[in-house]
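# Breakdown of the fold
One-letter residues, chain by chain:
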Amino acid sequence: MEGISEVAKSKQQLIIEEWNGSSSTKLFKTATIFASPSLSIHRSGSRFNHVWRRVLQAFVPEGFPGSVTPDYVPFQVWDSLQGLSTYIRTMLSTQALLSAIGVGEKSATVIGATFQWFLRDLTGMLGGVLFTFYQGSNLDSNAKMWRLVADLMNDLGMLMDLLSPLFPSAFAFVVCLGSLSRSFTGVASGATRAALTQHFALQNNAADISAKEGSQETMATMIGMALGMLLARITIGNPFAIWFSFLFLTMFHMYGKFYC
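Residues numbered from 1 in each chain as written. Predicted model: local features only at pLDDT ≥ 70, side-chain atom pairs only at ≥ 80, totals over all residues. Heavy atoms only, no water.

### A few points about the overall build of the protein
Broken down by element type, the protein carries seven helices and four strands. When the elements of the protein are put in sequence order from the N terminus, they spell out β-β-β-β-α-α-α-α-α-α-α. A burial count over the protein gives 35% of its 260 residues as buried. By sequence separation, contacts in the protein at least 24 residues apart represent 64% of the contacts at least 6 residues apart. Of the roughly 15400 Å² of accessible surface on the protein, a fraction of 68% belongs to carbon and sulfur atoms. (Helix = DSSP H or I, 4+ residues; strand = E, 2+ residues; numbered from the N terminus. Buried < 20%, exposed > 50% of the residue type's maximum accessible area, 1.4 Å probe, protein only. Contact = heavy atoms within 4.5 Å. Areas by Shrake-Rupley, 256 points an atom, 1.4 Å probe, with all protein chains shown as cover.)

Structure follows, in C-alpha cells:
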C-alpha cells in the first residue's frame, strides 16, 4: 500500500512524503517531494537500496526480520542450499533414467517407454497414499525427524534412478522402488513444513511465510536446473565424474540437514 500524506504546508513551501508498507508499524519513507516554488523529489536512500528492497519483498516475509523467529534465516539459507544440490542431482539421475528407458536408441518403442513411466508414477502415487494412511497422524510430532527421513528417502529415490541403467533386467523394479521412496518424501516434507512455518510466524503471518518460501524454492529450482544441465553436459559419457558429482552433492545435502 502506498500512501501520500501532506506533512507541512506553509506560504513558502509544500512538503509531501511518500511512504510504503501495509500497516502503520511497517511503513518506511521512500521519497520526499518539495514544492517551493519549483518541484523537486528527494528519494530516501539510494536507488539501489530502493530496488533491492523491492526485490527482497518477493522473497522474505513482510516486516522481516521482526516478523519471524531468529532461526528463520539460517534455516532458509541451508534449506535453499539443500534444494539447490537436490535439483542438480535430479538432472543427473533423470539423464540416467531416460537413458535406461531407451531415449535416443532406435530399438526403443514409444509405447514401451510410456508404460514404464506410467508404472513408475503409479507406484509413487500408491506409495504416497499408503504412507499417509499409516503415518499421517504421526507427522505432527518430531517434525525434524520426519524431514530427515524425507531427505533420506529422496536421496534413495535419486540413487535408484542413477542405478537403473546398470540393471536393465530389473529396470522396472529399480525405478518403481525409487518412485516409492520419493512418494514418502513428498508426503513427509509437505506435512512437516506446515509445522515449521507455524514455528517461524511471530505475527500471525504463516501464509506470507509459506508464500515467500515458495518464491525462494522457485529461485533455487531455476538455478539448480541451470547448473544441473551444465553439469550433466560436462559429465555425459563419464561415469566416474557422474558418480563423484552425485555422491559429493549428496554428502553436502545431508551435511546441511544438521543445520535446518
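### Digging into the packing of aromatic side chains
Using the criterion set out here, one finds ten aromatic pairs in the structure. Ring centres 6.3 Å apart and planes at 40° place the aromatic pair Trp78 and Phe252 in the tilted group. Placement of Trp78 in helix α2 (residues 72–101) and of Phe252 in helix α7 (residues 239–257) is noted, with a sequence separation of 174 residues between them. A cation over a ring is seen here: Arg89 above Phe246, with NZ or CZ 5.9 Å from the ring centre. (Phe/Tyr/Trp six-rings, centres within 6.5 Å; stacked < 30°, edge-to-face > 60°. Lys NZ or Arg CZ within 6 Å of the ring centre and 35° of its normal.)

### Observations concerning unusual backbone geometry
For Asn204, which is not glycine, the phi dihedral falls at a positive 55°. Mapping Asn204 onto the fold places it in the loop between α5 (171–200) and α6 (206–235). On the basis of relative accessibility, which here comes to 80%, the residue Asn204 falls in the exposed class.

### Concerning the side chain of Ser85
Position of Ser85 relative to the elements: it lies in helix α2. Residue classification places Ser85 among the buried residues on the basis of a relative accessible area of 3%. With sequence-adjacent residues up to four places away left out, Ser85 is seen in contact with Leu249, Phe252 and His253.

### Some remarks on the pattern of salt bridges
This model, assessed by the stated rule, comprises eight salt bridges. As a salt-bridge pair, Arg193 and Asp79 come within 3.4 Å of each other at their nearest N and O atoms. Here Arg193, found in helix α5, pairs with Asp79, found in helix α2; they are 114 residues apart in sequence, far enough to count as distant. One exposure class covers both Arg193 and Asp79, and it is buried. Note that Arg89 and Asp155 form a salt bridge whose closest N and O atoms lie 2.8 Å from each other. Of the two residues, Arg89 is situated in helix α2 and Asp155 in helix α4 (residues 143–163); the sequence distance between them amounts to 66 residues. Asp155 carries the same exposure label as Arg89, and that label is buried. (Salt bridge = Lys/Arg side-chain N within 4 Å of Asp/Glu carboxyl O.)

### Looking at the environment of Phe75
With respect to the helices, strands and loops of the structure, Phe75 is situated in helix α2. Classification of Phe75 as buried rests on a relative accessible area of 6%. Along the chain, Phe75 and Gly256 lie 181 residues apart, while their C-alpha atoms are 9.5 Å from each other.

### Re the nonpolar core
In this structure, Ile88, Leu92, Ala96, Met158, Leu162, Leu231, Ala232, Ile242, Phe246 and Leu249 together form the largest nonpolar core, which totals ten residues. Mapped by element, the contributors of at least two residues to this core are α2, α4, α6 and α7. Excluding anything up to four places from it in sequence, Met158 contacts Thr86, Arg89, Thr90, Ser93, Arg182 and Phe246. (Core = buried A, V, L, I, M, F, W, Y, C linked by side-chain atoms within 4.5 Å.)

### Observations concerning the packing of α4 against α7
Direction vectors running N to C along α4 and α7 enclose 175°, while the axes themselves pass 11 Å from each other. Of the possible angle classes, the one that applies to α4 and α7 is roughly antiparallel. Contacts between α4 and α7 involve Arg147, Leu148, Asp151, Leu152, Asp155, Met158, Leu159, Leu162 and Leu163 from the first element and Ile242, Trp243, Phe246, Thr250, His253, Met254 and Lys257 from the second. Residue composition of the contact of α4 with α7, grouped by class: ten nonpolar, two polar and four charged. (Axes fitted to C-alpha atoms, helices over the stretch in contact; angles between N-to-C directions. Parallel < 35°, antiparallel > 145°, perpendicular 65-115°, else oblique. Nonpolar A, V, L, I, M, F, W, Y, C, P; charged D, E, K, R; others polar.)

### A few points about the confidence of the model for the protein
In the predicted model, the protein carries a mean pLDDT of 78, and the fraction of residues at 70 or more is 75%. Confidence scores differ between elements of the protein, with strand β1 (residues 2–9) showing the lowest mean pLDDT of 46 and α7 the highest of 90. Low pLDDT (under 50) marks residues 1–11, which in the prediction has 23 contacts with non-local residues, meaning those over four places away or in another chain. (pLDDT = per-residue confidence, 0-100.)

### Some thoughts on a nonpolar patch on the surface
On the surface, a cluster of nonpolar side chains totalling about 550 Å² of accessible area is made up of Met219, Met222, Ile223, Leu227, Leu230 and Ile234. Along the polypeptide, Ile234 turns up in helix α6. Residue classification places Ile234 among the exposed residues on the basis of a relative accessible area of 61%. (Patch = residues over 30% accessible without salt bridge, like charges linked within 9 Å, V, L, I, M, F, W, Y side chains within 5 Å.)

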